[in-house]
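Each chain, written out:
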Amino acid sequence: AVSGDRAAQGVGIGPRAILISGRMAREKNLDFAFGIYADVARLTDAELVFIGSGPYRAAIEQQVRKQKLDGRVHFLGTLRGEPLVEAINTCDLLLITSTSETQSMTTLQAMACELPVVVVAAGGLPEYVHDGENGFVISLEKKGMFVEKIVTLLNDAELAQRLGVAGRTSVAPFAPQHIAGRRRGQPGQHAQQARFAAAIRAGKNQRVASRKGELDL
């Protein structure tokens, strides 16, 4: 978990938190994601942080009230730059259950901040999240496995750090200075790398003290 007084950072998040980031829309499978969190909340004191906005926010807020989790779920809205990085770094892991992701910028941003990621085995996510190496990749049908892996990461700081460091290393090739030096590749590869680099750069302004090292972006 991130050290330091999170409340002093102005976001009021408790000592352990799960991040869901991106547009809040029905196609992002947020009902499933929130259901996972509700199960995790019964087993741990972890809180849930949403970064992003969209038409499905009201539906999730209704579920939060129904589950009586109002005090443990935070909606931070759309963030960019330093506030985005600060919010990412207040969390302990990123959860993505959207089956429509092709190039998940939020995943790259979180990995650049050494956040371990737990993602669904769908779309383009398995292309850069490798199960057990820099995160966990889980089949949509295995809700219990999502809960198990999240609880494990919350309770095993050494594992979380290992996956986080590996994730940061794996996104380093998408840094602009590396992309600028590449002259070969498959059609469209450079454009994809450039989009990834822009996503990482959007969240690179600063790191909290507990995040080690800097990615030169």
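For the structure itself, look to the data block above.
What you see is a predicted model; the values in this text were computed from it and never measured.

Procedures and definitions
- Residues numbered from 1 in each chain as written.
- Predicted model: local features only at pLDDT ≥ 70, side-chain atom pairs only at ≥ 80, totals over all residues.
- Heavy atoms only, no water.
- Helix = DSSP H or I, 4+ residues; strand = E, 2+ residues; numbered from the N terminus.
- Buried < 20%, exposed > 50% of the residue type's maximum accessible area, 1.4 Å probe, protein only.
- Contact = heavy atoms within 4.5 Å.
- Pairing = 2+ DSSP bridges.
- Axes fitted to C-alpha atoms, helices over the stretch in contact; angles between N-to-C directions.
- Phe/Tyr/Trp six-rings, centres within 6.5 Å; stacked < 30°, edge-to-face > 60°.
- 1 Å grid on protein atoms, 1.4 Å probe; cavity = no way out; pocket = protein on both sides within 12 Å on 5 of 7 lines; lining within 4 Å.
- Points joined across faces, edges and corners; volume = space filled by probe spheres on them.
- Nonpolar A, V, L, I, M, F, W, Y, C, P; charged D, E, K, R; others polar.

K.L.:
Explanation requested: the overall build of the protein chain in the structure shown.
P.N.:
When its secondary structure is counted, the protein chain shows 8 helices and 6 strands. Each helix (α) and strand (β) of the protein chain, taken in turn from the N terminus, gives the series β-α-β-α-β-α-β-α-β-β-α-α-α-α. Going through the 217 residues of the protein chain one by one, you find that 50% of them count as buried. Contacts in the protein chain between residues at least 24 apart in sequence constitute 70% of all its contacts with a sequence separation of at least 6.

K.L.:
Please explain unusual backbone geometry as it appears in this structure.
P.N.:
Excluding glycine, residues mostly have negative phi values, and the peptide bonds linking residues are mostly trans. Even without being a glycine, N29 presents a positive backbone phi close to 60°. With respect to the element layout, N29 can be found in the loop between β1 (17-21) and α1 (30-43). Even without being a glycine, K68 presents a positive backbone phi close to 60°. Inspection of the secondary structure assignment puts K68 in the loop between α2 (57-66) and β3 (73-75). Under the relative-accessibility criterion, K68 is labelled exposed at 72%.

K.L.:
How should the sheet that holds strand β5 (residues 117-120) be read in this particular structure?
P.N.:
Strand pairing in a sheet is mediated by backbone hydrogen bonds. Such pairs are either parallel or antiparallel. Pairing is parallel across the open sheet formed by 6 strands, whose spatial order is β3-β2-β1-β4-β5-β6. Here the strands that pair on one side only, and so sit at the sheet edges, are β3 and β6 (136-138). The average angle at which neighbouring strand axes cross in this sheet is 20°, direction not considered. Bridge analysis of β5 against β6 gives 3 bridges, and the strand direction is parallel. Residue pairing for β6: V119 is matched across the bridge by V137. Its contacts with the sheet place helix α4 (residues 105-112) against β1, β4 (93-96) and β5, and it is angled at close to 165° to β4.

K.L.:
What is the right way to look at the packing of aromatic side chains in this model?
P.N.:
Between two aromatic rings, the relevant description is the distance of the centres plus the angle of the planes. Scanning the model with the defined rule gives 3 aromatic pairs in all. Here F34 and Y37 contribute two aromatic rings whose centre-to-centre distance is 6.3 Å and whose plane-to-plane angle is 45°, an arrangement assigned as tilted. Taken together, the positions of F34 and Y37, both in helix α1 and 3 residues apart, correspond to about one turn of that helix. When its relative accessible area of 1% is taken as the criterion, Y37 is described as buried. Here F50 and F75 contribute two aromatic rings whose centre-to-centre distance is 5.1 Å and whose plane-to-plane angle is 5°, an arrangement assigned as stacked. Of this pair, F50 sits in strand β2 (residues 47-51) while F75 sits in strand β3; the two residues are 25 residues apart in sequence, bridging distant segments of the chain. Assessed through its relative accessible area of 2%, F50 is described here as buried.

K.L.:
Looking at this model, I keep getting lost on the environment of A110. Mind explaining?
P.N.:
Positionally, A110 belongs in helix α4. Note on A110: relative accessible area 1%, which makes it buried. C-alpha of A110 to C-alpha of L94: the two residues are 16 residues apart in sequence and 6.9 Å apart in space.

K.L.:
Even after reading the chapter, I still don't get the layout of surface pockets, so can you show me in this structure?
P.N.:
If you roll a probe as big as a water molecule over the atoms, it shows you where there is empty space left. Computed from the structure, the largest pocket encloses a volume of approximately 460 Å³. In this structure, the largest pocket is lined by 28 residues; those nearest its centre are S21, G22, R23, I51 and T106. For the lining of the largest pocket, the elements supplying multiple residues, two or more each, are β1, α1, β2, α3 (81-89), β4 and α4. The leading source of residues in the lining of the largest pocket is α4, at 3 residues. A per-class count over the lining of the largest pocket returns 12 nonpolar, 12 polar and 4 charged.

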